[in-house]
Amino acid sequence: MNIKIKYLFLGSVMWILLSHNAFGQYQEQIRLHYSNEYGLGNNLFGFNLVGEYFLIDNLSFAPSATILFPATGKASAFNFNARYYFTEEDIQLYGLAGYGIFRRRYEHNPELNFDNRGSINLGAGVLYKIYDEIGLNFEIKVQPQNNGEVWLKLGMLYYIN
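Residues numbered from 1 in each chain as written. Predicted model: local features only at pLDDT ≥ 70, side-chain atom pairs only at ≥ 80, totals over all residues. Heavy atoms only, no water.

**Brief notes about the overall build of the chain**
The line we're drawing: Counting from the N terminus, the helices are DSSP H or I runs at least four residues long and the strands are E runs at least two residues long. Type-normalised accessible area, obtained with a 1.4 Å probe on protein chains alone, sets the label of each residue: buried when under 20%, exposed when over 50%, and partly exposed for intermediate values. It only takes one pair of heavy atoms within 4.5 Å for two residues to be counted as in contact. All accessibility values rest on the Shrake-Rupley procedure with a 1.4 Å probe; residue burial counts only the protein chains present in the view.
Helix and strand counts for the chain come out as one helix and eight strands. Counting helices and strands in the order they occur from the N terminus, the chain gives α-β-β-β-β-β-β-β-β. Looking at the chain residue by residue over its 161 residues, the buried ones come to 32%. The contacts of the chain with a sequence gap of at least 6 include a subset with a gap of at least 24, amounting to 45%. Here the chain displays about 10,000 Å² of accessible surface, and carbon together with sulfur accounts for 65% of that area.

Laid out in structure tokens, this is it:
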């Protein structure tokens, strides 16, 4: 009986995966992004990973994690953004809004050892689809609460489905 349950489970998983691809172009689509990110105001450079999931057509939820490389200490950022896509062709324009958390641990600074702050993210971006599964991404993001700090992002993305 265990073998029948295993085959039933495997068949159910395969059916879900195959039927998952039968949805529209955007709803329930998943994308993975790898980018390099640069903060203009703080001169921080880092690596960024984004997972993007389309809740409905043209609207996605895109949480991300960034590891930054300051001259001393450690820094990271986590962002929870929503993206709205205005175009659906090979060049896709989008606007974004969300919330970000920035963390930095300083070395050799007894007055300011740790910085942990949140901010609102507002921005825009463009995706250029090179192939069916691969694309380029450029994004500009402003954080008004952090003295209007501007972040630039350039990277690649992979269309999972």
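**Digging into the pattern of salt bridges**
Rules: A side-chain nitrogen of Lys or Arg and a carboxyl oxygen of Asp or Glu constitute a salt bridge if their distance falls within 4 Å.
This model, assessed by the stated rule, comprises six salt bridges. A salt bridge links Lys141 to Glu37, with the nearest nitrogen and oxygen atoms 3.4 Å apart. Of this pair, Lys141 sits in strand E7 (residues 134–143) while Glu37 sits in strand E1 (residues 30–39), and the two are 104 residues apart along the sequence. Overall, Lys141 belongs to the buried group, its relative accessible area being 2%.

**A few points about the packing of aromatic side chains**
A ring pair, where both rings are aromatic, is described by two values, the distance of the centres and the angle of the planes. Short version of the rule: Each pair of aromatic rings taken from Phe, Tyr and Trp, with Trp reduced to its six-membered ring, is defined by centres within 6.5 Å and is described as stacked if the planes are under 30 degrees apart, edge-to-face if over 60, and tilted in the remaining cases. Counting as a charge over the ring demands two things of the Lys NZ or Arg CZ atom: a distance within 6 Å of the ring centre and an angle within 35 degrees of the ring normal.
Going through the model one piece at a time under the given rule, you end up with six aromatic pairs. Here the aromatic rings of Phe54 and Tyr85 are separated by 5.4 Å at their centres, their planes lie at 40°, and the arrangement is tilted. Pair noted here: Phe54 is in strand E2 (residues 44–56) and Tyr85 is in strand E4 (residues 74–85), with a separation of 31 residues, a long-range link. Taking the centre distance of 5.1 Å and the plane angle of 45° together, the rings of Tyr85 and Tyr94 count as tilted. Summarising the burial analysis for this pair, Tyr85 and Tyr94 share the class buried. Counting every residue linked through ring pairs, the aromatic cluster contains Tyr34, Phe45, Phe47 and Phe69. Between Arg31 and the ring centre of Tyr85, over which it is positioned, the NZ or CZ distance is 5.2 Å.

**Regarding the nonpolar core**
Across soluble globular proteins, nonpolar side chains show a tendency to be buried alongside one another. Selection rule: The set of buried Ala, Val, Leu, Ile, Met, Phe, Trp, Tyr and Cys residues whose side-chain atoms join them within 4.5 Å is what this entry labels a nonpolar core.
If you look at the biggest cluster of nonpolar residues, it comprises seven residues: Phe54, Tyr85, Tyr94, Leu96, Leu127, Leu157 and Tyr159. Elements supplying a minimum of two residues to this core: strand E5 (91–105) and strand E8 (149–159). Grouped together as the second largest cluster of nonpolar side chains are six residues, Leu68, Ala75, Ala77 and Trp151 included.

**Some words on the pairing of strand E3 (residues 59–68)**
To be explicit about the condition: Note on pairing: two strands pair once DSSP finds at least 2 bridges between them.
Residues Ser60, Ala62, Ser64, Thr66 and Leu68 point to one face of E3 and are all buried, whereas Leu59, Phe61, Pro63, Ala65 and Ile67, pointing to the other face, are not buried. Here E2 folds back onto E3, and the loop between the two strands holds two residues, one of which, Asn58, carries a positive phi near 70°. Taken together, the ten bridges between E3 and E4 define a ladder with antiparallel strand orientation. Directly across from Ile67, in E4, lies its bridge partner Ser76.

**Describing empty space enclosed by the protein**
The cut-off we apply is this: Of the grid points, spaced at 1 Å and generated over the protein atoms alone, those admitting a 1.4 Å probe that cannot get out make up cavities, while open sets with protein on both sides within 12 Å along at least five of seven lines make up pockets; any residue with an atom within 4 Å of a point is treated as lining. Grid points are joined across faces, edges and corners, and a volume is the space filled by probe spheres set on the points. Think of it as three bins: nonpolar holds Ala, Val, Leu, Ile, Met, Phe, Trp, Tyr, Cys and Pro, charged holds Asp, Glu, Lys and Arg, and polar takes everything else, Gly as well.
Applying the stated criterion across every chain, the model contains one cavity of 30 Å³ or more. Put simply, the largest cavity is a space of about 90 Å³. What lines the largest cavity is a set of 15 residues, and nearest its centre among them are Ala77, Asn79, Phe102, Gln143 and Trp151. Taken together, the residues of the lining of the largest cavity sort by class into five nonpolar, seven polar and three charged.

**A short note on a nonpolar patch on the surface**
The cut-off we apply is this: Like-charged residues within 9 Å of one another, or nonpolar side chains (Val, Leu, Ile, Met, Phe, Trp, Tyr) within 5 Å, are grouped into patches, provided each residue has over 30% relative accessible area and no salt bridge.
A cluster of nonpolar side chains, Tyr84, Phe86, Ile91, Leu93, Tyr128, Ile130, Tyr131, Leu136 and Met156, forms an exposed patch at the surface whose accessible area comes to about 920 Å². Checked against the element boundaries, Leu93 lands in strand E5.

**Regarding the confidence of the model for the chain**
Inclusion rule: Known as pLDDT, the predictor's per-residue confidence is scaled from 0 to 100.
For the chain, the mean per-residue pLDDT works out to 84, and 83% of the residues sit at or above 70. Low pLDDT, under 50, characterises residues 11–25; the stretch is placed with six contacts to residues that sit more than four places away or in other chains.

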